[in-house]
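An overview of the molecular structure
Each chain, letter by letter, is given below.
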Amino acid sequence: GLSQYSSDPRTEWDLSAYTTRDEVLEAVRNLRYKGGNTFTGKPPSPLYSTPGLALTHVLEQNLKPESGARSEAEKLVILLTDGKSQDDANLVAQTLKNMGIEIFAIGVKNADEAELRQVASEPLELTVYNVLDFPLLSSLVGRLARVLCARIKEKRGSESPGSIPVNLSPQLSPTDLKISAVTSNSMHLTWHPPLRPPRKYRIVYYPSRGGIPKEVVLDGAISSLQLANLTSHTEYLVSVSALYDTGVGDSLSGITSTLPLAPPGSLRVSELSHNSMRLSWKAAPGATRYLVLCSAAPRAAED
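Residues numbered from 1 in each chain as written. Predicted model: local features only at pLDDT ≥ 70, side-chain atom pairs only at ≥ 80, totals over all residues. Heavy atoms only, no water.

The protein chain has the name COKA1 protein in an unreviewed UniProt entry, where Eudromia elegans is given as its organism. The record in UniProt for the protein chain states the following under Subcellular location (unreviewed entry): "Secreted, Extracellular space, Extracellular matrix". (UniProt positions renumbered as here; feature names shortened; annotations may be inferred.)

**Remarks on a nonpolar patch on the surface**
Residues Leu267, Val269, Leu272, Met277, Leu279, Trp281, Tyr290 and Val292 make up a contiguous nonpolar surface patch of about 780 Å² in total accessible area. Of all the secondary-structure elements, those providing two or more residues to the nonpolar patch are strand 14 (265–270) and strand 15 (278–282). In this structure, tryptophan 281 sits in strand 15. Given a relative accessible area of 32%, tryptophan 281 falls into the partly exposed group. (Patch = residues over 30% accessible without salt bridge, like charges linked within 9 Å, V, L, I, M, F, W, Y side chains within 5 Å. Areas by Shrake-Rupley, 256 points an atom, 1.4 Å probe, with all protein chains shown as cover. Salt bridge = Lys/Arg side-chain N within 4 Å of Asp/Glu carboxyl O. Helix = DSSP H or I, 4+ residues; strand = E, 2+ residues; numbered from the N terminus. Buried < 20%, exposed > 50% of the residue type's maximum accessible area, 1.4 Å probe, protein only.)

**Let's talk about the packing of aromatic side chains**
A full pass over the atoms with the stated rule returns three aromatic pairs. Geometrically, the ring pair formed by tryptophan 13 and tyrosine 18 is edge-to-face, given 5.7 Å between the ring centres and 70° between the ring planes. Given the relative accessible area of 10%, tryptophan 13 is considered buried. On the basis of relative accessible area, tyrosine 18 is assigned to the partly exposed category, the value being 32%. Each ring, one from tryptophan 191 and one from tyrosine 201, has its centre 5.3 Å from the other, and the planes form 70°; the classification is edge-to-face. Pair noted here: tryptophan 191 is in strand 7 (residues 187–192) and tyrosine 201 is in strand 8 (residues 200–207), with a separation of 10 residues, a long-range link. (Phe/Tyr/Trp six-rings, centres within 6.5 Å; stacked < 30°, edge-to-face > 60°.)

**As for the confidence of the model for the protein chain**
Averaged over the protein chain, the pLDDT score is 81; the fraction of residues at 70 or greater is 84%. Counting contacts from residues 42–52, a segment whose pLDDT is below 50, to residues more than four positions away or on other chains yields 22 contacts. A low-confidence stretch, residues 158–168 (pLDDT under 50), is modelled with 28 contacts involving residues beyond four sequence positions or located in other chains. (pLDDT = per-residue confidence, 0-100. Contact = heavy atoms within 4.5 Å.)

Here it is in structure tokens:
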């Protein structure tokens, strides 16, 4: 299947549209290039009313049974971009990867190498490519075809959690996620283990308004985690998944906001003179410096 995108996505053909190699090549030859902006993830404002852009469109429209997606088939997405995204593609990419969908990222011309590496699946040495111009894409065809075929065979024969479809029995998923001890830059997570102890836990967290997802992997015997170095006064989405040798359980999700930074208190003014004054206040917890601003109030007009 193939979709193009700029400020809005467009499906060119679904997975079930063609059944032979020649039909696909003919469709590629007849493909008309779609110009416009590069929105790889979600639209940055309500001005765009599409169901999603690029990766979101692929997830919601192209990887559906009615579009030809087969439940037993491995899912691979190849993202081709020639510029830096004007939206946040990382969150959508993480959603696809959490569902067992492998992403290959190919950059052309002005593509952002760091962004390609954030979007692509591991190992990055096999899933990230970058060329200086469109004609040079032909040099990648042979290698990319071999890598894709090898990855499919590896995923089918592998016992690693990342290559097995998601959605095991609910009994294999953690429950009762609790978020406590919330401060301006940290929070504590606890959860109840599933009936069958997992091999590992994967915890993913990121700001709900957009940001780079961060991931922590814990031993299956641990059922708590302290998240640190968070941004103050920010709402965070958190998900916990159990990893088994035979698959990945449903994720357990929660949402909470960090506290705002504590302000100083009890401001007092003393030792007033014609050109000076002394200020004192109660210290703010965790503050390393203070910024003091002062200005002269306008004097009342005199008759």
